[in-house]
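These are the residues of each chain, in order.
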Amino acid sequence: MSETNNNLQPWSREEFEEKLREKGRGYHIYHPFHVMMYEGKLTKEQLQCWVANRFYYQIAIPMKDSAILSNCPDVEVRKQWIVRITDHDGVDDAVGGIEAWIQLGNAVGLTREQVTSLEMVSPGVRFAVDAYINFAKQRPWQESVCSSLTELFAPHIHQQRISSWPQMYPWIDETGLVYFKKRLTEARRDVEQGLGVTLDYFSTSRAMQMKALDILQFKLNVLWVIADSIMLASTTMTTEGVPYTRQPVIRIA
Ligand code: AHQ
């Protein structure tokens, strides 16, 4: 009879952190679309599709983080967490991440309107991102903090873009990379807090530690499905020679 998680001893703090980091094997840096991006194999249209669709994720982050704040009674946690909102929204005339992402849109040849109108956002991306926001609205704030820990793996993917795009996509103006450079330091700072909360809150039992791994898997799935949807929306696919049919979207003016 295998022991259930309930009567196993919890992992040590170090072991638990190691198990969280091992989940990085499912991070979207390994998704074929991001591998193609890193290898310089994406067309201009595919990159435009990725930027326009990912904008829906970017504008969701401050709403997700506001949901966490609204569920969190701990003043010290809120005082640290709130910076995530201003990082994206900006403060006074300082450019925030959302505006930097629109600059990325301009750098890949999109107009501000094409990005901010969300006209290019696919249903799959909307569903995945909305699932993430709703998770943060409905679950205990510590579970939402745990779900943000995919950022343990984010500096690597941001550094990949900063390093490879100038060579692979020389037509993209360097101003487009501002967002990724911003996130390199912000993500490392964010993860410090997120990891501390997660290791403290979920270390009460092995069952709780396993729950944290499941929550992290949920967020890995969100990112993976976003990449799936963008790949389907922007890549010519055939099944047994039959081209993949995209849903005709009739826009009533
Ligand atoms: O630009 C990203 C960002 O601001 C965040 C916040 C964090 C969260 O709270 O879930 N996750 C995240 C991520 C960002 N960029 C993604 C990328 O590939 O550019 C990675 C993503 C993440 O790893 O969760």
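Throughout this description, residue numbers start from 1 for each chain and increase along the sequence as written. pLDDT decides what is reported in this predicted model: residues at 70 or higher carry local features, side-chain atom pairs at 80 or more are listed and counted, and totals for whole chains, interfaces and linings draw on all residues regardless. Calculation of side-chain values draws on the structure's entire complement of heavy atoms; hydrogens and water are dropped beforehand.

S.K.: Please give an account of helix H8 (residues 123–138) that cites residues and values.
M.R.: Taking 1.5 Å of rise per residue, 16 residues should cover 22 Å, and H8 covers 22 Å from first to last C-alpha, within 8% of that figure. Those residues of H8 that fall on the buried side of the exposure criterion are Val125, Ala128, Val129, Tyr132, Ile133, Phe135 and Ala136. Along H8, the residues classed as buried sweep out an arc of 155° about the axis, all on the same side. Relative to its buried face, H8 has exposed residues pointing more than 90 degrees away, namely Phe127, Lys137 and Gln138. Here, two residues are considered to be in contact whenever any of their heavy atoms come within 4.5 Å of each other. Numbering goes from the N terminus for both helices and strands, where a helix is a DSSP run of H or I of at least four residues and a strand is a run of E of at least two. For H8, the secondary structure elements touched by its buried residues are helix H3 (44–71), helix H9 (141–147) and helix H12 (206–234). The span one expects for a helix is its residue count, reduced by one, times 1.5 Å. Three exposure classes are used, based on accessible area relative to the maximum for each residue type with a 1.4 Å probe and protein chains only: buried under 20%, partly exposed in between, and exposed over 50%. The arc in question is traced by the directions running from the helix axis to the C-beta atoms.

S.K.: How would you explain the state of the cysteines if you had to name every residue and give the values?
M.R.: By definition, disulfides here are pairs of cysteine sulfur atoms that lie within 2.5 Å. Inspection of every chain in the model, using the stated rule, returns 0 disulfides. Cysteine 146 takes part in no disulfide bond, and the closest cysteine sulfur to it belongs to cysteine 72, at a distance of 15 Å. On the basis of relative accessible area, cysteine 146 is assigned to the buried category, the value being 0%.

These figures come from the coordinates and say nothing about function on their own.
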